[in-house]
Amino acid sequence: MQSLHDTHVKLLAFDILSLIPSSSHPNTVIRKGTHILSRAETLDIVTFWEHKSDRFLKFTINDGTGCIPCVIWLNQLTSPYFSHRCPPDVRRIAEVAKSFATVVQIGVLVRVRGKVGVYRGNVQLTVVDVVVERDPNAEIVHEGGRSESISTKVGFDEGGGGGF
């Protein structure tokens, strides 16, 4: 199996939603049974938004091929997960997460990078980076780059014509 474990792989929503959890590699997913992934990048429009103050921002992005659930955790200052880390580092992580949460608005085109995971049986992205995309051609470039970068990085046969 080829591993792209810590690489943010550019994927469409359809591709992300078709990922399945790996039984042999914790915290990873498998693409078409042959490639281990843990991170993805996508460029989509925000279509749903739910904010639980000081807990999380849950939102959905849609690129026309599907809707990807995303979450930005905002509970770094109260979560036991961060208790072993240096307090100034945790405060900085919390500030960055809050700044990401402020740019996510319905109807906005965003570039999201995150860790692919499964929550309640559904694939979701736990966001590590989100940027508002201001270039109107970004979606076309992202989709074109995705095809090239995935087939190059993962070694898909370009002549197959079937996609991913």
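Before reading on, note that the structure itself is shown above.
Residues numbered from 1 in each chain as written. Predicted model: local features only at pLDDT ≥ 70, side-chain atom pairs only at ≥ 80, totals over all residues. Heavy atoms only, no water.

K.L.:
What am I meant to see in the pattern of salt bridges here?
P.N.:
Pairing is possible between side chains of opposite charge, provided their charged atoms come close. By the definition in use, this model includes seven salt bridges. The salt bridge involving Asp54 is made with Lys98; its shortest N-O contact spans 3.7 Å. One end of the pair, Asp54, is in the loop between β4 (35-52) and β5 (56-62); the other, Lys98, is in helix α2 (residues 87-103), with 44 residues separating them in the sequence. For Arg111, the salt bridge is made with Glu133, and the minimal N-O distance between the two is 3.2 Å. Here Arg111, found in strand β7 (residues 109-119), pairs with Glu133, found in the loop between β8 (122-132) and α3 (138-154); they are 22 residues apart in sequence, far enough to count as distant. By sharing partners, the salt bridges in this structure join Glu41, Arg111 and Glu133 into a single network. (Salt bridge = Lys/Arg side-chain N within 4 Å of Asp/Glu carboxyl O. Helix = DSSP H or I, 4+ residues; strand = E, 2+ residues; numbered from the N terminus.)

K.L.:
Even after reading the chapter, I still don't get the layout of surface pockets, so can you show me in this structure?
P.N.:
Considered as a void within the structure, the largest pocket measures approximately 580 Å³ in volume. What lines the largest pocket is a set of 17 residues, and nearest its centre among them are Trp73, Gln76, Tyr81, Phe82 and Thr126. Mapped onto the lining of the largest pocket, the elements with two or more residues apiece are β6 (67-73), α2 and β8. If one sorts the elements of the lining of the largest pocket by residue count, α2 sits on top with four residues. (1 Å grid on protein atoms, 1.4 Å probe; cavity = no way out; pocket = protein on both sides within 12 Å on 5 of 7 lines; lining within 4 Å. Points joined across faces, edges and corners; volume = space filled by probe spheres on them.)

K.L.:
I'm lost on the nonpolar core in this one. Help?
P.N.:
Here is a general trend for soluble globular proteins: nonpolar side chains tend to be buried in one another's company. Counting 27 residues, the largest nonpolar core has Phe59, Ile61, Cys70, Ile72, Val112, Leu125 and Val130 as its most contacted members. Among the secondary structure elements, those contributing two or more residues to this core are α1 (13-17), β4, β5, β6, α2, β7 and β8. With four residues, β8 is the single largest residue contributor to this core. The contact partners of Val130, leaving out residues within four places of it in the chain, are Ile72, Phe100, Val103, Val104, Val110, Arg111 and Val112. (Core = buried A, V, L, I, M, F, W, Y, C linked by side-chain atoms within 4.5 Å. Buried < 20%, exposed > 50% of the residue type's maximum accessible area, 1.4 Å probe, protein only. Contact = heavy atoms within 4.5 Å.)

K.L.:
Where do I start with the packing of aromatic side chains in this structure?
P.N.:
The tally for this structure, following the rule as stated, stands at two aromatic pairs. Where Phe56 meets Trp73, the ring centres are 5.9 Å apart and the plane angle is 70°; that geometry is what we call edge-to-face. Within this pair, whereas Phe56 is found in strand β5, its partner Trp73 is found in strand β6, the two being separated by 17 residues in sequence. Among the residues examined, Phe56 registers a relative accessible area of 13% and is labelled buried. Aromatic pair Tyr81 and Phe82: ring centres 5.0 Å apart, planes at 85°, arrangement edge-to-face. (Phe/Tyr/Trp six-rings, centres within 6.5 Å; stacked < 30°, edge-to-face > 60°.)

K.L.:
Mind showing me how you'd approach the environment of Tyr119 here?
P.N.:
Tracing the chain through its elements places Tyr119 in strand β7. It is 9.7 Å that separates the C-alpha atoms of Tyr119 and Pro69, two residues lying 50 residues apart in sequence.

K.L.:
So what exactly am I meant to see when it comes to the pairing of β8 here?
P.N.:
For a regular strand, the rule is simple: side chains alternate between the two faces of the sheet. As paired elements, β6 and β8 share two bridges and run parallel to each other. By the bridge assignment, Cys70 is partnered in β8 with Leu125. Relative to β8, β7 is paired through ten bridges, and the arrangement is antiparallel. Paired with Tyr119 across the strands is Asn122, a residue of β8. As consecutive antiparallel partners, β7 and β8 are separated by two residues, and within that stretch Arg120 has a phi angle of approximately 55°, a positive value. (Pairing = 2+ DSSP bridges.)

Geometric descriptors of this kind do not, in isolation, establish any biological role.
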